[in-house]
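Secondary and tertiary structure notes
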Amino acid sequence: MNGDLAIDVRGLTKRYDGRAVVDDVALQLGTGRICGFLGPNGSGKTTTIRMLCGLLTPDAGEGRCLGLDLKRDALAIKRQVGYMTQRFGLYEDLSIRQNLDFVARLFELPERPRRVDEALQRLGLASRAQQLAGSLSGGWKQRLALAACLLHEPRLLLLDEPTAGVDPKARRDFWDEIHRLAAEGITVLVSTHYMDEAERCHELAYIAYGKLLARGTEREIIDQAGLAVWAVQAEGDPATLSALLEPLKAAPGVLSVAAFGSAVHVAGQDAALVEAAIGAFRDRPGLRWTRAEANLEDVFISLIGRAPDNFA
Ligand code: ADP
């Protein structure tokens, strides 16, 4: 057992009505690392996170969080993990300070005023301490929620879509704070749908239909996927591009067709099949074709295309 792993679980499985919504998931994450948790809606991210923080009992699987046994020590794990849910779970009719004080009481924390003051300072909330939580914008609510889940000084943060609906400036501030926390040795697992956020993580885990389909750094995940990618741009009317999308998606061997700015990426693992697919359009006037590097989104879309859909 590696003492440097904050998360070390295998075989994690959760079934609802006979259906495995999390299916044999293994995850290892070193202390102080930031792991982005990606995947389509309903793919099992929240369920996985809730099993990791001791809120949900797995139907199968084993392992440790912060060195504590997932099943036997669920209560102790809960006390050492900071969990931020998708929904704002604080009291709208209490002020920022009152909310933090309330959470500190729930955790029965010693030195409550000091901890609340520190949390207010750390997240830049001090000047708004008396403001009602309900009157805050999305970005400020998110800061308050993060402050609340840091109060008990957790060593592992499990953040479930913390930046959904938050503006770009607030998202950047949030990520700066996440990196500061990681530099202090706090481990972070954070689910997100944003590719720019995925790129800010040390490593990534991609889940679809309950199965972990990719794991590693951005570079490793792109390399493992082994995609051949062509990019096509319209020299004139952009409509010439949109007309390609459906026929290319249906072509054998094409795993992903996705627009990036003014270009469309066409990707697959078998370069010859992708070339055959684009062959029909290669000489069409007004289009410019080039080979391209695969990016994360190409990989994720192609992984979903290949995944066995156990929901069907
Ligand atoms: P994600 O966080 O990736 O969007 P979830 O973990 O929330 O995915 O959900 C995974 C799947 O499990 C979904 O199909 C969801 O409907 C189902 N699910 C989650 N919780 C329950 C529950 N308590 N009862 C039945 N089905 C559930």
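See the structure printed just above.
Now for a quick tour of the structure.

Each value, and the rule that gives it
- Residues numbered from 1 in each chain as written.
- Predicted model: local features only at pLDDT ≥ 70, side-chain atom pairs only at ≥ 80, totals over all residues.
- Heavy atoms only, no water.
- Near = heavy atom within 4 Å.
- Polar contact = N/O pair within 3.5 Å; in protein donor to acceptor, adjacent residues only side chain to side chain.
- Helix = DSSP H or I, 4+ residues; strand = E, 2+ residues; numbered from the N terminus.
- Nonpolar A, V, L, I, M, F, W, Y, C, P; charged D, E, K, R; others polar.
- Buried < 20%, exposed > 50% of the residue type's maximum accessible area, 1.4 Å probe, protein only.
- Arc of directions from axis to C-beta.
- Contact = heavy atoms within 4.5 Å.
- Phe/Tyr/Trp six-rings, centres within 6.5 Å; stacked < 30°, edge-to-face > 60°.
- Pairing = 2+ DSSP bridges.
- Axes fitted to C-alpha atoms, helices over the stretch in contact; angles between N-to-C directions.
- Salt bridge = Lys/Arg side-chain N within 4 Å of Asp/Glu carboxyl O.

A look at the site of the ligand
In the region of the ligand, the neighbouring residues are Tyr16, Arg19, Val21, Pro40, Asn41, Gly42, Ser43, Gly44, Lys45, Thr46 and Thr47. Within the backbone of Ser43, a nitrogen or oxygen atom sits 3.1 Å from an oxygen atom of the ligand. Looking at the shell around the ligand, the elements with two or more residues in it are β2 (19-30) and α1 (45-52). Looking at the shell around the ligand element by element, the count peaks at three residues for α1. When the residues that make up the shell around the ligand are grouped by side-chain class, the tally is three nonpolar, six polar and two charged.

Details of helix α3 (residues 96-106)
Every buried residue of α3 is accounted for by Ile96, Asn99, Leu100, Val103 and Ala104. Looking down the long axis of α3, one finds its buried residues gathered within 135° of arc, a one-sided arrangement. On its buried side, α3 packs onto α4 (112-122) and α5 (138-150).

Some points on the packing of aromatic side chains
As enumerated under the stated definition, the model contains three aromatic pairs in all. Note on Tyr91 and Phe102: the rings are 5.2 Å apart at their centroids and 85° apart in plane angle, and the pair reads as edge-to-face. Of the two residues, Tyr91 is situated in the loop between β6 (81-84) and α3 and Phe102 in helix α3; the sequence distance between them amounts to eleven residues. Looking at Phe102, the relative accessible area reads 31%, which means it is partly exposed.

What to know about the sheet that holds strand β11 (residues 228-234)
Pairing within the open sheet is antiparallel, and its four strands lie in the order β12-β13-β11-β14. Only two strands of the sheet have a single neighbouring strand rather than two, namely β12 (256-260) and β14 (287-292). The average angle at which neighbouring strand axes cross in this sheet is 25°, direction not considered. In the sheet, β11 pairs with strand β13 (residues 263-268) via six bridges, with the strands oriented antiparallel. Among the inter-strand pairings, Trp230 is bridged to a residue of β13, identified as Val266. Across the sheet, helix α10 (residues 271-282) lies against β11, β13 and β14, angled at about 15° from β11, the strand it touches most.

Regarding the pattern of salt bridges
Tallied over the entire structure, the rule returns 25 salt bridges. Asp101 is paired through a salt bridge with Arg105; the nearest N and O atoms lie 3.0 Å apart. Of the two residues, Asp101 and Arg105 are both situated in helix α3; the distance of four residues between them amounts to about one turn of the helix. A relative accessible area of 21% means that Asp101 is categorised as partly exposed. On the accessibility criterion, Arg105 (48% relative accessible area) is partly exposed. Across the salt bridge formed by Glu118 and Arg114, the nearest N and O atoms sit 2.9 Å from each other. Highlighted residues: Glu118 and Arg114, both in helix α4, separated by four residues, approximately one helical turn. Exposure remark for Arg114: the relative accessible area of 31% places this residue in the partly exposed category. A single salt-bridge network, built from bridges that share partners, covers Arg122, Glu177, Arg180 and Glu184.

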